[in-house]
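Observations on the model geometry
The chain contents come next:
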Amino acid sequence: MTVPSPVLRAFGLTGPARPLSGGKGGTWRCGPAVLKPAEGEPETVWRASVLAALPPSAEFRVAQPLRTATGEVVVDGWEATTWLPGEPDPGRVDDVIRAGEAFHAALPGLPRPSFLDDRDDPWSWGDRLAFGEPVPPGATAPSRLLEPLLAARRPVEADSQVVHGDLLGNVLFAEGLPPAIIDWPAYHRPTAWSAAVAVADALVWHRAGPGVITRWERHFAEWPQMLVRALIYRIATWSAARWEQPPDDAYRPTVGRVLSYAGQ
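Residues numbered from 1 in each chain as written. Predicted model: local features only at pLDDT ≥ 70, side-chain atom pairs only at ≥ 80, totals over all residues. Heavy atoms only, no water.

1. Focus on the pairing of strand E5 (residues 78–82)
Judged by how many residues are buried, E5 sits mostly within the fold: four of five residues are covered. Here strand E3 (residues 33–37) pairs with E5 via five bridges, running antiparallel. From the neighbouring strand, Ala33 faces E5, where its bridge partner is Thr82. (Buried < 20%, exposed > 50% of the residue type's maximum accessible area, 1.4 Å probe, protein only. Helix = DSSP H or I, 4+ residues; strand = E, 2+ residues; numbered from the N terminus. Pairing = 2+ DSSP bridges.)

Pasting the structure below:
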């Protein structure tokens, strides 16, 4: 797969486009732009409108959406944004959370997007399961670790807002520049949940020390429950990563620590 020439021309770009790492293997750079298949036109159009309206910030950068000469943000199923210098660093989970908090602070008052109701994918079902919302039978991936996590889930009162649901690998760091927020999958959840997903990812896949489990408890209300929900969300969506078997061996140590922390 490569970016079709008509798409490049529509966004005012001239090739060649070269593939970038990450981005589910479908992200390309062409000069000052990054292009990838749009995952749902309503969400892409909504996100472009929100990002374009954000005022400049000294605490974070965002990849601005590109439009065609006629104002479109999706062309033949592709979207484009400005390229931002920087690299992800999953070892800097605390800095990722701080960047996410600054980004979320710039988004208060956004109505819950209606496209969230139309999502039909493993991540959406895992998110709904984590918060005790209905999911179709068999919609989420099975795992023996889900049962104790679901038993540990308690009601929460934290307010929800529009958040970034996959921060850890989507915050870029560059010397002398604020962190950059990219590849924004929008959810409507407490900001603490967004941070908890980053912590869960850092613990399971990037050898973060167990101290990160408690380090943010004074900053985020209902932090133990957000960690429980973050693990439910990630484990319930393992089939989307095309693993043949549940990744229980990878998650089990972190699940045990979080359950102990949550009083289970």
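2. Some details on the side chain of Ser194
Within the secondary structure, Ser194 sits in helix H6 (residues 191–205). At 2.6 Å, the side chain of Ser194 and the backbone oxygen of His164 are in polar contact. (Polar contact = N/O pair within 3.5 Å; in protein donor to acceptor, adjacent residues only side chain to side chain.)

3. Quick look at the nonpolar core
Counting residues in hydrophobic clusters, the biggest one holds 62 residues, and the most contacted among them are Phe103, Trp184 and Trp223. For Trp223, the contacting residues outside a window of four places in its chain are Ala192, Ala195, Ala196, Val199, Val212, Ile213, Trp216, Glu217 and Tyr261. (Core = buried A, V, L, I, M, F, W, Y, C linked by side-chain atoms within 4.5 Å. Contact = heavy atoms within 4.5 Å.)

4. Points about unusual backbone geometry
Positive phi, close to 40°, is recorded for Asp183, a residue that is not glycine. Mapped onto the elements, Asp183 comes out in the loop between strand E9 (180–181) and strand E10 (186–189). A relative accessible area of 30% places Asp183 in the partly exposed class. With a phi angle near 55°, Arg207 is a residue other than glycine that sits in the positive phi range.

5. Some thoughts on the environment of Asp166
Along the chain, Asp166 falls in the loop between strand E7 (161–164) and strand E8 (171–173). For Asp166, a relative accessible area of 26% corresponds to the partly exposed category. With near-sequence residues (within four places) excluded, Asp166 lies in contact with Pro185, Asp201 and Arg234.

6. A look at the sheet that holds strand E2 (residues 28–30)
Strands sit in the order E1-E2-E3-E5 across an open sheet of four strands; the sheet is antiparallel. The open sheet terminates on both sides in strands that have one partner only, identified here as strand E1 (18–19) and E5. By the bridge criterion, two bridges tie E1 to E2 in an arrangement that is antiparallel. Among the inter-strand pairings, Arg18 is bridged to a residue of E2, identified as Arg29.

7. Remarks on helix H2 (residues 41–53)
Here H2 is 13 residues long and its end C-alpha atoms lie 19 Å apart, about the 18 Å a rise of 1.5 Å per residue gives. Among the residues making up H2, those that are buried are Glu43, Thr44, Trp46, Arg47, Ala48, Val50 and Leu51. For H2, the secondary structure elements touched by its buried residues are strand E4 (61–62), E5, helix H3 (93–105), E7 and E10. (Expected span 1.5 Å × (residues − 1).)

8. Some details on the packing of aromatic side chains
Counted according to the given criterion, the structure contains twelve aromatic pairs. For the pair Trp216 and Phe220, a centre-to-centre distance of 5.8 Å together with 35° between the ring planes defines the contact as tilted. With respect to class, Trp216 is no different from Phe220; both count as buried. Connected via pairs of aromatic rings, a cluster forms that spans Trp46, Phe60, Phe103, Phe115 and Trp184. In this structure, Arg119 is placed above the aromatic ring of Tyr187, and the distance from its NZ or CZ to the ring centre is 5.0 Å. (Phe/Tyr/Trp six-rings, centres within 6.5 Å; stacked < 30°, edge-to-face > 60°. Lys NZ or Arg CZ within 6 Å of the ring centre and 35° of its normal.)

Coordinates in, geometry out; function isn't part of it.
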